[in-house]
Amino acid sequence: MKAALVAIATILALLLQNRISIFGIPPALTLVIVYLLGIRLGALKGMLAGALIGAVEDSAAGGILGPALLSKGVVGFSASFASGGLFRWTPVLGVIAVALFTVLDGLTVFVARFLYETPPAPLSRVVVVLVVQGIMNAAAGPFIRPPHAE
Amino acid sequence: MSLRRFLPLFLLILISFTIMTYQSNKGITAPLGFIGKPLDRVNALVHSISSAVREPFRKMLIRESELRRLREENGRLLALQEKYRELVSENERLREILLLRERERRYVAAARVVSKGWDRWANTIIIDKGVRDGVAKDMAVITPLGLVGKVVVAGDRSSQVLLITDLNFSASVKVQETRQEAIYSGTGNDGSLKYISREDPISEGSVVVTSGFDGLFPAEVPVGYVSRATNRSSDIFQDVVVRPFQDLTRLDEVAVVKR
């Protein structure tokens, strides 16, 4: 049941981030889902779920399989540290964490594509996109709490 | 924190790079490629639903902006139409002045009325021709419809004209049908005929023209028509009101003629 919900949420996120944008930059909604899974399920499960979602994203994009698989897997793994493994969760931490993971995700994909395909965009554009996406995703930070958070 | 905890992450990184290296050499593998088609179908369905919802609003917005554009265009065209009407009217007036010029041997210059005169009590106008254009004091000012006045001040490039309705204006005239001579005087709004005897018949509508006897105005220039003629028992002369042919509130172009 939960897996079905995650699958539906992922598809909706993929469809939605195709349709909405601010200043021409779409949000990275799948990253928010991976962060949520990472913070709730823990490091290993979060990593696996993230890798799967990343693989779906790579397949939908039609490019090589791997960049989003790697980036989402890393985010899913690392998100568990924001849930109390390393830091005590607070809404401010949540905001910072989501923003940072968005940038990390984008950078990982950019580097992977740069190494194995063609660069997806000029570096200056990448910086702008990541900053804006980080700000957009950061809005979800206070609302994605670990299970034990007050 | 033991390194064993990070083992899954290292494995993920290793596997990812292996997959990517393999694909960069052998070409793209798409083990999850079967996801693409249903995803595209769902995407197309969502797109058609959102388009169907958006379309009426989009059309409404287009109609709204089109309506606004048409209104602006309409306003612009109406203004243009008004301008053209004005030009056609001016063209007509200038053509009449031109005919007058060809007809009138004493023609001096055609002039535009610039403004009312400086004297707020007198009925005067300013025209845009003066001494440099051949205009001189006491020259008659006329239009195709009739007498307008006479030049009282001739400047270098402009002149002041005393209108026939002014109290200080007078001219020697005659009634066209009966050839009765009289003196036309301005009354402020219209004019009056002086020295028409009670016995001399004069009817409303009779045309009054200049006689030329005063040496100021050319003869046979239309002045106006008799709008009222009354006999008072106490007077030996009739009280005759003359309405000028030319509407002096609507003067644009005039012609100046010699005496």
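For the structure itself, consult the block above.
Read on for a plain summary of the structure. Model, not experiment: these values are computed from the prediction.

## As for the packing of aromatic side chains
Link 1 in the chain: Overall, the coordinates contain 10 aromatic pairs over all chains when judged by the stated rule.
Link 2 in the chain: Put simply, the rings of Phe77 and Phe81 of chain A together with Phe6 of chain B touch in pairs and so form one group of aromatic residues.

## A word on unusual backbone geometry
Negative phi is the rule for most residues except glycine; trans is the rule for most peptide bonds.
Residues and elements named next belong to chain B.
Link 1 in the chain: Within the chain, Asp138 stands out as a residue other than glycine whose phi angle is a positive 75 degrees.
Link 2 in the chain: Locating Asp138 in the fold gives a position in the loop between strand S2 (124–127) and strand S3 (140–142).
Link 3 in the chain: With a phi angle near 65 degrees, Glu220 is a residue other than glycine that sits in the positive phi range.
Link 4 in the chain: Along the chain, Glu220 turns up in the loop between strand S9 (207–210) and strand S10 (222–230).

## Let's talk about the sheet that holds S10 of chain B
Whether parallel or antiparallel, the strands of a sheet pair through hydrogen bonds between backbone atoms.
Residues and elements named next belong to chain B.
Link 1 in the chain: Read around the closed barrel, six strands run S6-S7-S8-S11-S10-S9, paired in antiparallel fashion. The average undirected angle you get between the axes of adjacent strands in this sheet is 40 degrees.
Link 2 in the chain: Pairing of S9 with S10, which is carried by three bridges, proceeds in the antiparallel orientation. Its bridge partner being in S10, Val208 is matched across the sheet by Gly224.

## Observations concerning the pairing of strand S5 (residues 159–163) of chain B
Residue and element names in this part refer to chain B.
Link 1 in the chain: Counting buried positions along S5 yields five of five residues, so the element is predominantly enclosed.
Link 2 in the chain: Side-chain alternation along S5 places Ser159, Val161 and Leu163 on one buried face and Gln160 and Leu162 on a second face that is also buried.
Link 3 in the chain: Across four bridges, S2 lies against S5 in antiparallel orientation. When the bridges of S5 are listed, Ile127 appears paired with Ser159.
Link 4 in the chain: Summarising the sheet, strand S4 (residues 147–154) and S5 pair through five bridges and their orientation is antiparallel. Residue pairing across strands places Val153 opposite Gln160, the latter belonging to S5.
Link 5 in the chain: Between S4 and S5, which pair antiparallel in sequence order, lie four residues.

## Topic: the nonpolar core
Link 1 in the chain: If you look at the biggest cluster of nonpolar residues, it comprises 43 residues, and the most contacted ones within it are Leu147, Phe169, Val173, Tyr184, Leu193 and Val256 of chain B.
Link 2 in the chain: Excluding residues that lie within four positions of it along the chain, Leu147 of chain B makes contacts with Ala140, Val141, Ile142, Ile164, Phe169, Thr210, Phe217, Val221, Pro222, Val223 and Gln246 of chain B.
Link 3 in the chain: In this structure, Ala28, Leu37, Ile53 and Ala79 of chain A belong to the second largest nonpolar core, which totals 19 residues.

## Looking at a nonpolar patch on the surface
Residue and element names in this part refer to chain B.
Link 1 in the chain: A surface patch of nonpolar side chains, amounting to about 630 Å² of accessible area, comprises Leu3, Leu7, Phe10, Leu11, Leu14 and Ile15.
Link 2 in the chain: Inspection of the secondary structure puts Phe10 in helix H1 (residues 7–26).
Link 3 in the chain: The exposure class of Phe10 is partly exposed, given its relative accessible area of 46%.

## Points about the pattern of salt bridges
Residues and elements named next belong to chain B.
Link 1 in the chain: Applying the stated criterion to the full structure yields 18 salt bridges over all chains.
Link 2 in the chain: The salt bridge involving Asp252 is made with Arg93; its shortest N-O contact spans 3.6 Å. Of this pair, Asp252 sits in the loop between strand S11 (239–244) and strand S12 (253–257) while Arg93 sits in helix H2 (residues 36–103), placing them 159 residues apart in sequence.
Link 3 in the chain: By relative accessible area, which is 34% here, Asp252 ends up partly exposed.
Link 4 in the chain: A salt bridge links Glu220 to Lys174, with the shortest nitrogen-to-oxygen separation between them at 3.0 Å. You can see Glu220 sitting in the loop between S9 and S10 and its partner Lys174 sitting in strand S6 (residues 170–175), a full 46 residues away along the chain.
Link 5 in the chain: Take Lys174: its relative accessible area is 11%, and that puts it in the buried class.
Link 6 in the chain: Connected via shared salt-bridge partners are Glu90, Arg93, Arg112, Asp252 and Glu253.

## Concerning the layout of surface pockets
Taking a probe equal in size to a water molecule and rolling it over the atoms shows the remaining empty space.
All names here are of chain A.
Link 1 in the chain: Empty space within the second largest pocket amounts to approximately 500 Å³.
Link 2 in the chain: Taken together, 20 residues make up the lining of the second largest pocket; nearest its centre are Ala3, Val6, Ala7, Thr10 and Leu37.
Link 3 in the chain: Taken together, the elements giving at least two residues each to the lining of the second largest pocket come down to helix H1 (2–17), helix H2 (29–41) and helix H3 (43–61).
Link 4 in the chain: Residue contributions to the lining of the second largest pocket peak at nine residues, all from H1.
Link 5 in the chain: Taken together, the residues of the lining of the second largest pocket sort by class into 17 nonpolar, one polar and two charged.

Thresholds applied
- Residues numbered from 1 in each chain as written.
- Chains lettered and ligands numbered in written order.
- Predicted model: local features only at pLDDT ≥ 70, side-chain atom pairs only at ≥ 80, totals over all residues.
- Heavy atoms only, no water.
- Phe/Tyr/Trp six-rings, centres within 6.5 Å; stacked < 30°, edge-to-face > 60°.
- Helix = DSSP H or I, 4+ residues; strand = E, 2+ residues; numbered from the N terminus.
- Pairing = 2+ DSSP bridges.
- Axes fitted to C-alpha atoms, helices over the stretch in contact; angles between N-to-C directions.
- Buried < 20%, exposed > 50% of the residue type's maximum accessible area, 1.4 Å probe, protein only.
- Core = buried A, V, L, I, M, F, W, Y, C linked by side-chain atoms within 4.5 Å.
- Contact = heavy atoms within 4.5 Å.
- Patch = residues over 30% accessible without salt bridge, like charges linked within 9 Å, V, L, I, M, F, W, Y side chains within 5 Å.
- Areas by Shrake-Rupley, 256 points an atom, 1.4 Å probe, with all protein chains shown as cover.
- Salt bridge = Lys/Arg side-chain N within 4 Å of Asp/Glu carboxyl O.
- 1 Å grid on protein atoms, 1.4 Å probe; cavity = no way out; pocket = protein on both sides within 12 Å on 5 of 7 lines; lining within 4 Å.
- Points joined across faces, edges and corners; volume = space filled by probe spheres on them.
- Nonpolar A, V, L, I, M, F, W, Y, C, P; charged D, E, K, R; others polar.

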